[in-house]
Amino acid sequence: RRSSDLPELAATLMPPPTAADLPLESIAVPPEDYAATLAALGRTIGRTPFDLATGPVYRFGFVRATDDSAAAVLICGHHLVGDGVSMGPIVRDLDRALTGDVDVPALRAAREAALVKELAAQNRAAGADRTAANVTAWAEQLREAPPLVLYPRPNRPHRTDFAGARVSWTTTEKETADLQATCKRLGITPFVLFTAVYGTVLARHGGVSRVLIGSPFTARRTIGAYELCGFFVNTLPITVDVDWDRTVDEHLDKIVRTAVDHCRSAVDVPFNQLVAAVQPDRP
């Protein structure tokens, strides 16, 4: 549990929930109502804000058709609970729990030992001389990035509240195939492709030639950490230089991929150290 009333970032280690206080909603419905109920429960547990001061910051749901033709387990957790890699341990633990093939005390001891090793490795990396040198050099580059203000209307506040609609868009089969073909031809990942698209849109709307895109990178440093559920992620700024005279292939392959590779190679640079070194304007 994160404590927001303290002057320094702090947290409280809470005991695991009991069966009585586990945030779980279980519903049994006729098979004809199963799909609608599942969707409705997903919206309920997924859209209600979490209270980070009191917790818990996760919720579970279980929907079962009364004729046992279908059943689903829903999991909703704040990103503090776990990153994308965490889904592996969660699913494996759930599978073992459902089959009864789990020794909880032994598993907990192993996980806590793995967490201690991971924490020690993270601290060593953060305090290394090489990391300090990377922070200094990287900060110099980041100071050259111009401030980004989207649609700078007169009297527009620096910080705005969300007041629009959410738009969902799914690619067609042809669009998906074209995206995959582009990635394969250039030898890049979809992450590089979409970062490039996002960066050029921001550059166009902000009227700048360089934008910084904060992106999460996996930062697990020990093998045992891959069996842990947690937010083992470092957010780092990808620098996207946009030159409209470049070809798309050159922009994707030479500029954006290089910027992403730089962040991956420097994933041990703590975000807070980088911000402290850059000292950006608060607005």
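The present account deals with the structure reproduced in this document. Starting afresh in each chain, residues are numbered from 1 along the sequence in its written order. It should be noted that, the model being predicted, local features are given only for residues of pLDDT at least 70 and side-chain atom pairs only at 80 or more, the latter also being counted only at that level, while totals for whole chains, interfaces and linings use all residues. Each side-chain value is worked out from all heavy atoms of the structure, with water and hydrogens disregarded.

1. Quick look at the overall build of the chain
Next, step 1: A tally of regular secondary structure across the chain gives 8 helices and 7 strands.
Next, step 2: Taken along the three principal axes of its C-alpha coordinates, the chain extends 60 × 50 × 45 Å.
Next, step 3: Note on classification: 1.4 Å probe, protein chains only; a residue is buried when its accessible area is under 20% of the maximum for its type, exposed when over 50%, partly exposed between these limits. Burial statistics for the chain: of 283 residues in total, 27% are counted as buried.
Next, step 4: Only heavy atoms enter the contact rule, under which two residues are in contact if any of them lie within 4.5 Å. The contacts of the chain with a sequence gap of at least 6 include a subset with a gap of at least 24, amounting to 67%.
Next, step 5: Shrake-Rupley sampling with a 1.4 Å probe provides the accessible areas, and residues are treated as covered by the protein chains on show and by no other component. Accessible surface, the chain: about 19100 Å² in total, of which carbon and sulfur atoms supply 57%. For the purposes of this entry, the term helix denotes a DSSP run of H or I that reaches at least four residues, the term strand denotes a run of E that reaches at least two, and both are numbered from the N terminus.

2. As for the environment of Asp268
Next, step 1: Within the secondary structure, Asp268 is located in the loop between helix 7 (248-265) and helix 8 (271-278).
Next, step 2: The class of Asp268 is buried, set by a relative accessible area of 12%.
Next, step 3: Setting aside residues no more than four positions away along its own chain, Asp268 makes contact with Ala125, Ala126, Arg130, Thr131 and Arg221.
Next, step 4: The term polar contact refers here to a pair of N or O atoms within 3.5 Å; inside protein, the definition further demands a hydrogen-donor-capable atom paired with an acceptor-capable atom, and it admits residues adjacent in sequence only when both atoms are side-chain atoms. Of the polar contacts made by the side chain of Asp268, one reaches the side chain of Arg130; its length is 3.3 Å.

3. Things to note about the side chain of Arg220
Next, step 1: Tracing the backbone through its elements, the reader meets Arg220 in the loop between strand 6 (210-218) and strand 7 (233-241).
Next, step 2: Among the residues examined, Arg220 registers a relative accessible area of 8% and is labelled buried.
Next, step 3: At 2.4 Å, the side chain of Arg220 and the backbone oxygen of Ala225 are in polar contact.
Next, step 4: The contacts of Arg220, once residues within four sequence positions are left out, are Asp83, Val85, Ser86, Glu118, Gln122, Ala225, Tyr226, Leu228, Gly230 and Phe232.

4. Here's the deal with the state of the cysteines
By definition, a disulfide links the sulfur atoms of two cysteines through a covalent bond.
Next, step 1: Note on terminology: disulfide denotes any pair of cysteine sulfur atoms within 2.5 Å. Considering all chains together, one arrives at 0 disulfides under this definition.
Next, step 2: Lacking any disulfide linkage, Cys229 is separated from the closest cysteine sulfur, that of Cys76, by 13 Å.

5. What to know about the pattern of salt bridges
Next, step 1: The term salt bridge refers to a side-chain nitrogen of Lys or Arg lying within 4 Å of a carboxyl oxygen of Asp or Glu. One pass over the full model with this rule turns up 14 salt bridges.
Next, step 2: For Arg96, the salt bridge identified is with Asp93, shortest N-O distance 2.7 Å. Residue Arg96 and its partner Asp93 are both found in helix 2 (residues 87-99); the two are separated by 3 residues, about one turn of the helix.
Next, step 3: Across the pair Asp178 and Lys174 runs a salt bridge whose closest N-O atoms are separated by 2.8 Å. Of this pair, Asp178 and Lys174 are both found in helix 5 (residues 173-186), 4 residues apart, which corresponds to roughly one turn of the helix.
Next, step 4: Residue Asp178 is classed as partly exposed on the basis of its relative accessible area of 38%.
Next, step 5: Of the residues examined, Lys174 reaches a relative accessible area of 60% and is grouped as exposed.
Next, step 6: A cluster of three or more residues bridged by salt bridges with shared partners is formed by Asp93, Arg96 and Arg111.

6. A few points about the sheet that holds strand 3 (residues 24-29)
Next, step 1: Two strands are counted as paired when DSSP detects at least two bridges linking them. Spatially, the 3 strands line up as an open sheet ordered 3-4-5, and their pairing is mixed. Among the strands making up the open sheet, the edge pair consists of strand 3 and strand 5 (71-77). Across this sheet, the average inter-strand angle for adjacent strands is 10°, counted without regard to direction.
Next, step 2: Strand direction decides the pairing type here: strand 4 (residues 58-65) and strand 5, joined by 7 bridges, are antiparallel. Directly across from Phe60, in strand 5, lies its bridge partner Ile75. Between N-to-C directions, angles span 0 to 180 degrees; the directions come from axes that are lines fitted to C-alpha atoms, helices contributing only their stretch in contact.

7. So, a nonpolar patch on the surface
Next, step 1: Among the surface-exposed residues, Val73, Ile75, Met87, Val91, Leu94 and Leu98 lie close enough to one another that they form a single nonpolar patch of about 530 Å² accessible area.
Next, step 2: Only strand 5 and helix 2 provide two or more residues apiece to the nonpolar patch.
Next, step 3: Take the nonpolar patch: its biggest share by element is 4 residues, from helix 2.
Next, step 4: Within the element layout of this structure, Val73 appears in strand 5. Surface patches are drawn from residues lacking salt bridges whose relative accessible area is over 30%; two like charges belong together within 9 Å, two nonpolar side chains (Val, Leu, Ile, Met, Phe, Trp, Tyr) within 5 Å.

Coordinates in, geometry out; function isn't part of it.
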